[in-house]
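# Summary of the model geometry
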Amino acid sequence: DNNIWQEVKEQVKAKDVVEHYLGPPQKTSGNSCLWCSPFREGDNDPSLSAKDNYIKDFGGTFGGDIFEFVSTLENISKKEALETIIEDFNLDLEI
C-alpha cells in the first residue's frame with residue numbers, strides 16, 4: 001500500500017532519521033544538517049546532508065529518501081526499512 005510510505009514520510013523527517021542512527025549533526029548549514037558519511041570508511045569531513053525528505057552523501061554515491069537510507073545503512077530491504085522506521089519512531093501505523 002503506497003499510502004503507508006507517504007504517511008511515514010509525512011511523520012518522520014530525513015533529519016530525524018539520520019540523527020536517530022548517527023547522532024547529532026557534526027555541522028549545520030542553513031536548514032541543512034551534515035554528518036560524516038557512514039557509507040565511506042574513515043570519512044571525517046561531514047558531507048552527508050539531510051534536508052526535507054532527502055538524504056545525500058556529497059562525497060560519495062548515496063542519495064535517497066529515509067527508506068533507502070535505512071535500507072542501505074542496515075543492509076535490509078526497503079520494506080524492512082519501512083517496518084524499522086515505524087518501530088523506531090513508535091508510529092501508530094499498521095503495515
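Preceding block: the structure.
Residues numbered from 1 in each chain as written. Predicted model: local features only at pLDDT ≥ 70, side-chain atom pairs only at ≥ 80, totals over all residues. Heavy atoms only, no water.

### Things to note about the nonpolar core
By size, the foremost hydrophobic cluster in this structure holds 22 residues, and its most contacted members are Val8, Val18, Ile55, Ile66, Phe69, Ile85 and Ile86. Elements supplying a minimum of two residues to this core: α1 (2-11), α2 (14-22), β2 (32-35), β3 (48-51), α3 (66-74) and α4 (78-88). Apart from residues no more than four positions distant in its own chain, Ile55 is found in contact with Ala14, Val18, Leu48, Ser49, Ala50, Phe62, Gly63, Gly64, Asp65, Ile66 and Phe69. (Core = buried A, V, L, I, M, F, W, Y, C linked by side-chain atoms within 4.5 Å. Buried < 20%, exposed > 50% of the residue type's maximum accessible area, 1.4 Å probe, protein only. Helix = DSSP H or I, 4+ residues; strand = E, 2+ residues; numbered from the N terminus. Contact = heavy atoms within 4.5 Å.)

### Quick look at the environment of Leu22
Along the chain, Leu22 turns up in helix α2. For Leu22, a relative accessible area of 25% corresponds to the partly exposed category. Note: C-alpha distance between Leu22 and Pro38 (16 residues apart in sequence) is 8.0 Å. If we skip the residues at most four places from it in the chain, Leu22 touches Trp35, Cys36, Pro38, Leu48 and Phe69.

### Observations regarding the pattern of salt bridges
Here the structure, examined in full by the defined rule, presents six salt bridges. Residue Asp65 is joined to Lys9 by a salt bridge in which the shortest nitrogen-to-oxygen separation is 3.2 Å. Of the two residues, Asp65 is situated in the loop between β5 (63-64) and α3 and Lys9 in helix α1; the sequence distance between them amounts to 56 residues. Accessibility expressed as a relative area gives 11% for Asp65, which makes it buried. Among the residues examined, Lys9 registers a relative accessible area of 21% and is labelled partly exposed. Connected through shared salt-bridge partners, Arg40, Asp43 and Asp57 make up one network. (Salt bridge = Lys/Arg side-chain N within 4 Å of Asp/Glu carboxyl O.)

### Focus on the packing of α2 against α3
Two quantities define a packed helix pair, namely the angle between the helix axes and the distance between the axes. Direction vectors running N to C along α2 and α3 enclose 15°, while the axes themselves pass 10 Å from each other. By the angle class used here, α2 and α3 are roughly parallel. Helix-helix and strand crossings are classified by hand; for α2 and α3 the assignment is right-handed. Residues Ala14, Val17, Val18, Tyr21 and Leu22 of α2 touch α3, and the partners they reach there are Ile66, Phe69, Val70, Leu73 and Glu74. When its residues are assigned to classes, the contact of α2 with α3 shows nine nonpolar, no polar and one charged. (Axes fitted to C-alpha atoms, helices over the stretch in contact; angles between N-to-C directions. Parallel < 35°, antiparallel > 145°, perpendicular 65-115°, else oblique. Left-handed = near helix turned anticlockwise from the far one by under 90°. Nonpolar A, V, L, I, M, F, W, Y, C, P; charged D, E, K, R; others polar.)

### Observations concerning unusual backbone geometry
In this model, Asn75 sits at a positive phi of 55°, which is unusual for a non-glycine residue. For Asn75, the position within the fold is in the loop between α3 and α4. Residue Asn75 is classed as exposed on the basis of its relative accessible area of 71%. Although it is not a glycine, Asn90 adopts a positive phi angle of roughly 50°. Note on placement: Asn90 falls in the segment after α4.

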